[in-house]
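Structural overview for review
Take a look at the letters that make up each chain.
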Amino acid sequence: MSPFKDGEAVDVLAALKARPLAELMHEASRLRELGHGRVISYSRKVFIPLTRLCRNVCGYCTFVRGPKQVDHPYLRPEEVLEIAHMGRDAGCREALFTLGDRPESVHDAARAGLRSLGYASTLEYLAAMCKLVRDETGLLPHSNPGVLDEAEIAMLREVTVSQGMMLESTADRLCNPGGPHYGCPDKLPSVRLASIQAAGRLSVPYTSGILIGIGETRLERIEALLALRDAHTRHGHVQEVIVQNFRAKEDTRMRGHAEPALDDLLWTAAAARLVLGAKANIQVPPNLSEARFPELLAAGINDWGGISPVTSDYVNPERRWPAIAALEQATRDAGLIPAERLAVYPEYATEGARWLDASLVRPVLDAIDSEGFARVDQWSPGVANAALPVTPLGRKRTTPPGSLETVLARADRGERLDEAAIVRLFSAREDEADAVGAAADALRERVSGNTVRYVVNRNINYTNICSLRCRFCAFSKGKTAETLRGKPYDLALGEVARRTTEAWQRGATEVCMQGGIHPAYTGETYLALLGAAKEAVPGMHVHAFSPLEVTHGATTLGITVERFLARLKDAGLGSLPGTAAEILDDPVRSKICPDKLTTAQWLHVIEAAHRTGIRTTATIMFGHIETPLAWARHLLALRDLQERTGGITEFVPLPFVHMEAPMYLREGARRGPTWRETLLMHAVSRLALHPLIPNIQVSWVKIGAEGAAACLAAGANDLGGTLMNESISRAAGNEHGEELPPARMQSLIQGIGRLPQQRTTLYGEVDSQQHQRSFHAPALAPIVLTPPAKSHQAEALA
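Residues numbered from 1 in each chain as written. Predicted model: local features only at pLDDT ≥ 70, side-chain atom pairs only at ≥ 80, totals over all residues. Heavy atoms only, no water.

On a plain count of helices and strands, the chain comes out with 31 helices and 18 strands. Expected size for 798 residues packed as a compact globule is a radius of gyration near 28 Å; at 30 Å, the chain falls within 12% of this value. Once the C-alpha set of the chain is aligned to its principal axes, its extents read approximately 95 × 55 × 45 Å. Counting across all 798 residues of the chain, residues that qualify as buried make up 61%. When the accessible surface of the chain is split by element, carbon and sulfur atoms take 52% of a total near 29,400 Å². Both charge centroids of the chain, one from 88 positive and one from 92 negative side chains, sit 2 Å from each other. (Helix = DSSP H or I, 4+ residues; strand = E, 2+ residues; numbered from the N terminus. Rg over C-alpha atoms; globule rule 2.2 N^0.38 Å. Buried < 20%, exposed > 50% of the residue type's maximum accessible area, 1.4 Å probe, protein only. Areas by Shrake-Rupley, 256 points an atom, 1.4 Å probe, with all protein chains shown as cover. Lys, Arg positive; Asp, Glu negative; His and termini not counted. Charge placed at Lys NZ, Arg CZ, Asp CG, Glu CD.)

Moving on to the packing of aromatic side chains. Counting across every chain of the model gives 12 aromatic pairs. Each member of the aromatic cluster is reached from another via a ring pair, and the members are Tyr462, Tyr521, Tyr526 and Phe545. The ring centre of tryptophan 267 lies 4.0 Å from the NZ or CZ of arginine 218, which sits over that ring. The cationic tip of arginine 362 hangs over the ring face of tyrosine 664; the distance from NZ or CZ to the ring centre is 5.2 Å. (Phe/Tyr/Trp six-rings, centres within 6.5 Å; stacked < 30°, edge-to-face > 60°. Lys NZ or Arg CZ within 6 Å of the ring centre and 35° of its normal.)

If you look at the biggest cluster of nonpolar residues, it comprises 116 residues, and the most contacted ones within it are Val436, Met513, Phe545 and Leu719. The residues touching leucine 719, leaving out its near neighbours within four places in the chain, are Val452, Arg453, Tyr454, Gln697, Val698, Trp700, Ala708, Leu712, Met745, Leu748 and Ile749. Within the second largest apolar cluster, 82 residues are counted, among which are Val147, Leu167, Phe293 and Ala299. (Core = buried A, V, L, I, M, F, W, Y, C linked by side-chain atoms within 4.5 Å. Contact = heavy atoms within 4.5 Å.)

What follows is about helix α9 (residues 262-276). Taking 1.5 Å per residue as the helical rise, α9 with its 15 residues ought to reach 21 Å, and the 21 Å between its terminal C-alpha atoms agrees with that figure. In terms of burial, α9 is a largely internal element, 12 of the 15 residues being buried. Here α9 has its buried residues at Asp264, Leu265, Leu266, Trp267, Thr268, Ala269, Ala270, Ala271, Ala272, Arg273, Val275 and Leu276. Phi for glycine 277, located one or two positions after α9, is positive at around 100°. (Expected span 1.5 Å × (residues − 1).)

What follows covers the confidence of the model for the chain. When pLDDT is averaged across the chain, the result is 92; 93% of the residues are at 70 or more. pLDDT under 50 marks residues 392-398. Its contacts with residues more than four places away, or in other chains, come to 10 contacts. Predicted confidence is poor over residues 790-798, with pLDDT under 50, and the contacts of this stretch with residues over four places away or in other chains come to 14 contacts. (pLDDT = per-residue confidence, 0-100.)

With that settled, consider the side chain of serine 41. Position of serine 41 among the secondary structure elements: in strand β1 (residues 39-51). Side-chain polar atoms of serine 41 contact the side chain of aspartate 303, separated by 2.5 Å. Residue contacts for serine 41: discarding those within four places in its chain leaves Asn302, Asp303, Trp304, Gly305, Ala339, Arg341, Tyr345 and Phe373. (Polar contact = N/O pair within 3.5 Å; in protein donor to acceptor, adjacent residues only side chain to side chain.)

Cis geometry is found at the peptide bond from histidine 690 to proline 691, where omega equals 0°. Within the secondary structure layout, proline 691 lies in the loop between α26 (675-689) and α27 (700-711). The backbone of glutamate 430 sits at a positive phi, close to 50°, despite the residue not being glycine. Examined against the element boundaries, glutamate 430 turns out to sit in the loop between α16 (419-426) and α17 (431-448). Positive phi is not limited to glycine here, since glutamate 582 has a value of about 50°. On the secondary structure map, glutamate 582 appears in the loop between β14 (573-576) and α22 (586-592).

Attention now moves to helix α29 (residues 742-751). Of the positions making up α29, those classed as buried are Pro742, Met745, Gln746, Leu748 and Ile749. Down the axis of α29, the smallest arc covering the buried residues is 160°, so these residues share one side. Packed against the buried residues of α29 are β10 (451-455), α27, β17 (718-721), β18 (755-758) and α30 (768-774). Within two residues after α29, glycine 753 carries a phi angle of roughly 80°, on the positive side. (Arc of directions from axis to C-beta.)

Here you go:
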């Protein structure tokens, strides 16, 4: 019957019986925390009962109706949409389609109903309604249509983010006369297991589970759990295992059947955790256990399932869903953290290319955070007037939980954290996130005091023509027909000089110069751009040329990176921006910027700059398709580099601005980091890079003044530059402006009780005359965007 080895179920049951329930539950909880931390997930769903006709006659079911008991065999499209809109308006994200198995095979009324709707089968109609709901409401469908073959599963895969069917039991005898599954062709265990395996072969995220208390033995429960374990081991697709307790209902054959006791349910939930392991997602429906939430949580579950704020549980209509707020509070009261998810579980949502139809990847990415949980705030980087999410009340702890406290203590001592420890910090939610932010802020105060520094500078983006095709970039332009915003330009050297002079007259001490990888540029072009700025204002610090531009310049001249850096330094280059880093994790880089430098190449240029005597910044662009593991690898790569060279002046987190980014508009990406992730990036950077990189900068241009102030209370100590002009974020749709003058900088800093201080690029003191000029700066003259030179235009736009 099952693919597990002979006698395994007997051995497992014997081992479980040898331990008291309290011990089993304790071990299950320990495993749950190993696999999921303190997070308990749930999904806001709307329940759509597409048809209540069915060809099976389960002895416990009240969902199924006869043809004469329904007004119409199927919900009509307008009824489906009415329910879906109601769910969407109530904040639901999941549309749960539940229905009877193939009613048209036994009911004339079902066949007639399908004909009237224009469909040949229930499954064809289900697929159409899933697509309708997805297209019209944005809800993500999950379907439970029963036993399917591969072709039917594949059809539904195109319109659902997940599918499911309860295995219920592997006991064939329950299908015998007098059994709960007698007369139910779709309840044969072999048939159900074959459908579950088929879903795995098609890479469908799949929900299944067992139904306890219908006459099975505990040994048979273990056999069913092992069968699900083995299906998942083979295909990796069983996203959730439900342990559902039978509840007797009137008007059923089993109305007098004894229900399982609470201890029996707790034993089975704990057994499921021990059999399926730490990473498994295990759910017990919260509406079937008389609100015994603390006990259920103590049995090692990590999910509450789908909870509907608007529709009944049509399968158990006498059991009302708990209020979501009450369930969340009960979870917090147990020392755990509630987290909303989608119908598709986080680990599958973040790997959409494997687990989802291509048409569903983008809407799922749009709806999740970096770990794959539901994006619960509407804030995004670059959006002006987007209110910062309000921290929920009543969630504070006096100290962080043990595992987190240990990591924070190690970071505070300046130890090198490993990837797992940094990912643990990034996974912090609610009170844990508060603890991480507080630890980072305390460390900031100890290392940097209460002074917040900034530099008066000007950005000069000398060309937006670029031969690369970075999927996130809305700034660079190739062929005019591909231009998303604006026209190609290539600044004349005179315009570079004019902007540099004007910046000096307005109190700037730095110009930051970067641009696209213009196919006609050579190393001499970069030297000429540098020369134009230095000749115009010899005293101006030129912070210019990303590692990508340095590599391009060296390659075109046929010299090493080290030699080209030496030439730039001799020509007056003051420092190098550590941009073009994006994510220093090659699997991610291969997707978002495949023709850019590899991680090793980027690090090589930065290290070469340091060894040449040129200091650099370092950046990260986060919140698109990557996960916290990539963030951890990025931070550790920078920490290790800094330990070797000491040449990084500051670390600058750059939240992804999505609005005009090609990969958001075309292939799909997240809407930038969530607010929680933005705060955590600054806080975790402070902790993970301590004590080697003492300055953590917040990008006001990406997150606005209010957001910057909040990050200054979460580990950041630097506000970066006043900018004067800003083109790259603006091209991506940023709405936070192009300049934050010194007076506004100072007001922002003083408004949070900190001390403002102008600085130079390398954190030195500012000349008093320049400082004075910066507070009395005249208005900027209009910029000139020089069209591409005729000699280069054809090549640049070819």
